[in-house]
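# Architecture and fold: a report
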Amino acid sequence: MTHKTVRAAVALTLGLAAATLSLADGSYGNDRAGGRNFNRIATIANYLNNAPGQFADSTVSEILAATKDGMTIVYTDSPLEQIGFVDISDPTSPVPTGTVAVGGEPTSVDVFGNEFVLVAVNTSESFANPSGKLVVLDVATRSVVREIDLGGQPDSLKISADRRYAAIAIENERDEDLGDGAPPQLPAGYLTIIDLQGSSPAAWSRRDVALTGLAGFAPEDPEPEFVDINGRNEAVVTLQENNHVAVVDLQSGRVLRHFSAGSVSLDNVDAVEDDRISLTDSIANVPREPDAAVWLPGPFGKSGIFATANEGDLAGGSRGFSIFTSFGQTLFDSGNSFERLAVRHGHYPEGRSENKGSEPESIEYGRFDGQDYLFVGSERGSFVAVYDLKFGVYPQFKQLLPAPLGPEGLLAIPSRNLLLASGEEDDGPLGVRSTISIYRLENGAATYPQIRSADDASGQPIAWSALSGMVALPGSAPRMLAVWDSYFAESRIFTIDATRKPAVINGSKLISGGRGGYDPEGIAIAPDGTYWIASEGNASGSRPNLLVQTDGNGQVIAEIGLPQEILDCRFASARRGTLGSGFEGLAVLPADNGTAGYKLLVAQQRGWDYTTAACEALDDDAGGFNALNEPNHSRIWVYDTAASSWSHVAWELAAKPANAAWVGLSEITAAPDGSYVILERDNRTGNFAEIKTLVKISPAAWADGLVSSAEKTVHDFQPRLEASNGWITDKPEGVAILRDGRTFVVTDNDGVDDWNGETWFLDLGRMNKLFE
């Protein structure tokens with residue numbers, strides 16, 4: 001390929017980019033209407049592959065590989081120093097088939113046909129004395145057939161398509177706690193080539209390729225991070241900390257070309273960690289510092305073009321991905337579009353704004369039924385962006401997939417129309433566990449996302465996440481209001497248009513005035529058109545439980561707190577640490593005919609299960625504050641707006657499952673038939689979740705001051721969450737019921753903090769059908 005040919009290709013590509021750049025961030029059209037889309041068809045938790053005694057141990061899946069027939073998956077599990085095997089003969093029902101210890105920390109894995117598994121293993125005693133080995137296992141017997149010393153600490157591993165070579169990036173990573181953590185920190189890294197002569201591992205041999213003296217930054221200390229091999233047996237090697245790329249001929253072991261990965265300057269990103277999502281910042285001349293790389297076919301065949309996921313490292317994060325020729329020309333850079341994707345889909349990790357933002361770390365290519373696709377994984381946003389590759393070069397955004405928590409590895413198996421993603425984060429024993437998700441390209445609509453945002457007046461995607469309370473707007477069209485909770489410093493009211501699929505957040509209003517610092521968990525619309533917000537208090541009392549009234553623009557009109565005698569009871573106990581449970585959902589109880597004003601019904605999440613003199617006095621009070629100290633009771637608070645008075649109704653909670661810490665209430669919503677629907681749930685996710693229910697009651701049920709379990713009509717909607725084929729959330733939070741009874745539920749994604757960012761916006765259908 002001549003430089004003239006490259007320049008012509010660059011000109012062609014840049015022309016395409018200029019013509020279609022507006023399509024790159026998901027702001028267009030509706031991919032869900034039909035055609036072919038990737039959908040998640042199964043998720044398997046890694047702990048299921050371990051011995052029963054390891055249930056509480058941290059266990060992850062980082063890098064994935066598959067046998068040649070695509071029926072068996074192998075993954076690395078560094079915390080337990082093992083690799084795991086999963087049978088995906090039926091990809092909708094993956095079966096864990098065991099693990100094998102490898103005598104160190106596995107960093108990468110690949111499979112030699114259907115015969116051997118090659119595992120790069122870190123055995124280093126220290127950063128200054130790195131070591132590692134290549135462990136070769138027989139696929140059929142799971143036995144180790146050979147170990148090859150690598151001379152240093154490995155990272156990425158790749159086997160060539162013709163099975164003549166394995167290339168291993170020997171990183172010899174630096175000690176980030178030594179000095180300022182920056183290189184140079186010897187010994188230097190290098191590339192190892194394993195010559196895979198014949199079919200017997202006994203004949204395999206090792207060669208090393210020096211990479212010193214190439215990079216402009218710390219040339220004496222290259223740190224190879226990732227390797228991929230093209231059809232000409234050329235390896236692209238990223239030197240992340242050095243911000244450099246090398247292309248190595250594996251037959252000769254010669255460095256063919258090397259070049260800087262360059263830098264980017266971006267506008268309209270969030271570079272300040274302030275508990276606000278604001279795409280108003282700029283970053284200048286930030287090195288790309290690429291992590292993963294993958295060769296692409298491009299117009300020159302599978303030898304001349306590759307893509308990189310630019311995770312960033314020493315210099316922060318460049319927040320995107322790029323496509324280069326093997327001569328170093330930049331054909332494409334995603335700019336700020338990857339960041340915009342995260343914001344538009346509610347997956348933006350605001351807590352990483354000052355660092356690497358959405359942190360693209362993994363990247364994969366696959367040709368499915370003649371169409372080229374590029375997949376880019378966001379480690380901190382926990383999503384996979386899918387792109388059509390036009391002309392093999394220009395990526396056009398197709399769809400966004402929900403990924404496991406902290407996706408590290410991506411694997412395309414085009415022969416089976418499958419894509420897999422693995423998660424490197426594990427919150428054991430009963431939290432969000434590390435998983436592998438399986439997606440399939442199939443005919444029909446995409447099932448995710450179910451909600452995303454439109455652009456605001458400035459042309460930026462409306463920022464949203466952590467949705468909690470929700471209420472239907474008056475009228476017959478499926479439109480509603482929602483709020484986000486105190487994960488963010490600013491309180492906001494969002495408008496949702498559910499006439500579209502996915503639903504669209506098309507408005508956002510700041511709640512202004514008042515004391516501020518709210519934790520909005522519920523929202524209702526009063527007969528006079530004003531809004532009421534339920535703000536949950538905290539355990540210390542510095543943020544009280546409040547009812548906040550606003551006008552239609554979010555301006556605070558009034559704030560109503562609980563009466564002093566309730567506060568005296570609540571804060572008299574030594575068990576104040578349990579009192580973070582407070583206001584959640586909110587609904588309006590219209591006034592009786594001829595009666596002025598209306599009442600507000602507020603769901604309290606959990607009970608205040610303690611006794612003090614202050615509480616016992618209230619328990620005997622004729623004013624209606626009874627049963628405050630029942631451990632299995634929560635309550636519905638009732639505020640009379642005309643009388644400015646409080647009362648409450650005790651609520652008998654469902655029995656707590658063995659795995660759950662608690663069961664509580666998340667929402668209360670008025671239904672068109674005069675009844676009320678309460679969302680009752682446990683606090684567990686995934687395989688440990690048992691209670692995600694809607695409960696229908698009539699006002700007559702609380703006439704005696706108590707709603708007992710016998711008086712509840714229950715709809716279990718956990719199967720709808722499980723139909724997502726993912727590790728389900730513990731936090732369905734908002735319910736909106738239209739005038740015709742159509743019922744919607746939205747889940748809270750916790751601001752993508754210790755959760756993978758998924759938000760499910762469920763249309764459950766007509767209410768009368770739910771409670772038949």
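Structure shown above.
Quick look at the structure, then.

## Observations regarding the sheet that holds strand E21 (residues 305–310)
Across the sheet, 4 strands lie side by side as E20-E21-E22-E23; this open sheet has antiparallel pairing. Strand pairing shows two members of the sheet lacking a second neighbour, strand E20 (293–296) and strand E23 (330–333), which therefore form its edges. Averaged over all pairs of adjacent strands, the angle between strand axes in this sheet comes to 20 degrees, irrespective of strand direction. As paired strands, E20 and E21 are joined by 4 bridges and run antiparallel to one another. Bridged to Leu296 within E21 is Ile305.

## Section: a negative patch on the surface
On the surface, Glu425, Asp427, Asp753 and Asp754 cluster together into a patch of negative charge. Tracing the backbone shows Glu425 in the loop between strand E29 (418–423) and strand E30 (435–443).

## Notes on the layout of surface pockets
Within this model, the second largest pocket holds a volume of roughly 600 Å³. Lining of the second largest pocket is provided by 28 residues; of these, Val471, Ala472, Ile525, Ala670 and Ala671 occupy positions nearest its centre. Of all the elements, strand E40 (residues 583–589) adds the most residues to the lining of the second largest pocket, at 4 residues. Of the residues belonging to the lining of the second largest pocket, the class tally is 23 nonpolar, 4 polar and 1 charged.

## Section: the pattern of salt bridges
Side-chain pairs of opposite charge can arise whenever the charged atoms involved come near each other. Under the criterion given, the structure shown has 35 salt bridges. Close ionic contact of Asp426 with Arg433 constitutes a salt bridge, the shortest N to O distance being 2.8 Å. Take Asp426: its relative accessible area is 17%, and that puts it in the buried class. Between Asp497 and Arg479 there is a salt bridge, with its nearest N and O atoms 3.8 Å apart. Placement of the pair is Asp497 in strand E34 (residues 492–497) and Arg479 in strand E33 (residues 479–484), with a sequence separation of 18 residues. Since its relative accessible area comes to 10%, Asp497 is described here as buried. Taken together, the shared-partner salt bridges connect Arg174, Glu176, Glu223, Glu241 and Asp313 into one network.

## Some thoughts on the nonpolar core
With 69 residues, the main nonpolar core has Leu374, Leu694 and Phe761 as its most contacted residues. What Leu374 contacts, discounting residues up to four positions off in sequence, is Val294, Leu296, Ala307, Phe321, Ile363, Glu364, Ala385, Val386, Tyr387 and Leu389. Membership of the second largest hydrophobic core comes to 18 residues, among which are Ala587, Leu653, Ile678 and Ile697.

## Points about the environment of Arg254
Mapped onto the elements of the fold, Arg254 is located in strand E17 (residues 254–260). A C-alpha to C-alpha distance of 7.4 Å links Arg254 and Val209, two positions 45 residues apart in sequence.

Conventions adopted
- Residues numbered from 1 in each chain as written.
- Predicted model: local features only at pLDDT ≥ 70, side-chain atom pairs only at ≥ 80, totals over all residues.
- Heavy atoms only, no water.
- Pairing = 2+ DSSP bridges.
- Helix = DSSP H or I, 4+ residues; strand = E, 2+ residues; numbered from the N terminus.
- Axes fitted to C-alpha atoms, helices over the stretch in contact; angles between N-to-C directions.
- Patch = residues over 30% accessible without salt bridge, like charges linked within 9 Å, V, L, I, M, F, W, Y side chains within 5 Å.
- Areas by Shrake-Rupley, 256 points an atom, 1.4 Å probe, with all protein chains shown as cover.
- Salt bridge = Lys/Arg side-chain N within 4 Å of Asp/Glu carboxyl O.
- Lys, Arg positive; Asp, Glu negative; His and termini not counted.
- Charge placed at Lys NZ, Arg CZ, Asp CG, Glu CD.
- 1 Å grid on protein atoms, 1.4 Å probe; cavity = no way out; pocket = protein on both sides within 12 Å on 5 of 7 lines; lining within 4 Å.
- Points joined across faces, edges and corners; volume = space filled by probe spheres on them.
- Nonpolar A, V, L, I, M, F, W, Y, C, P; charged D, E, K, R; others polar.
- Buried < 20%, exposed > 50% of the residue type's maximum accessible area, 1.4 Å probe, protein only.
- Core = buried A, V, L, I, M, F, W, Y, C linked by side-chain atoms within 4.5 Å.
- Contact = heavy atoms within 4.5 Å.

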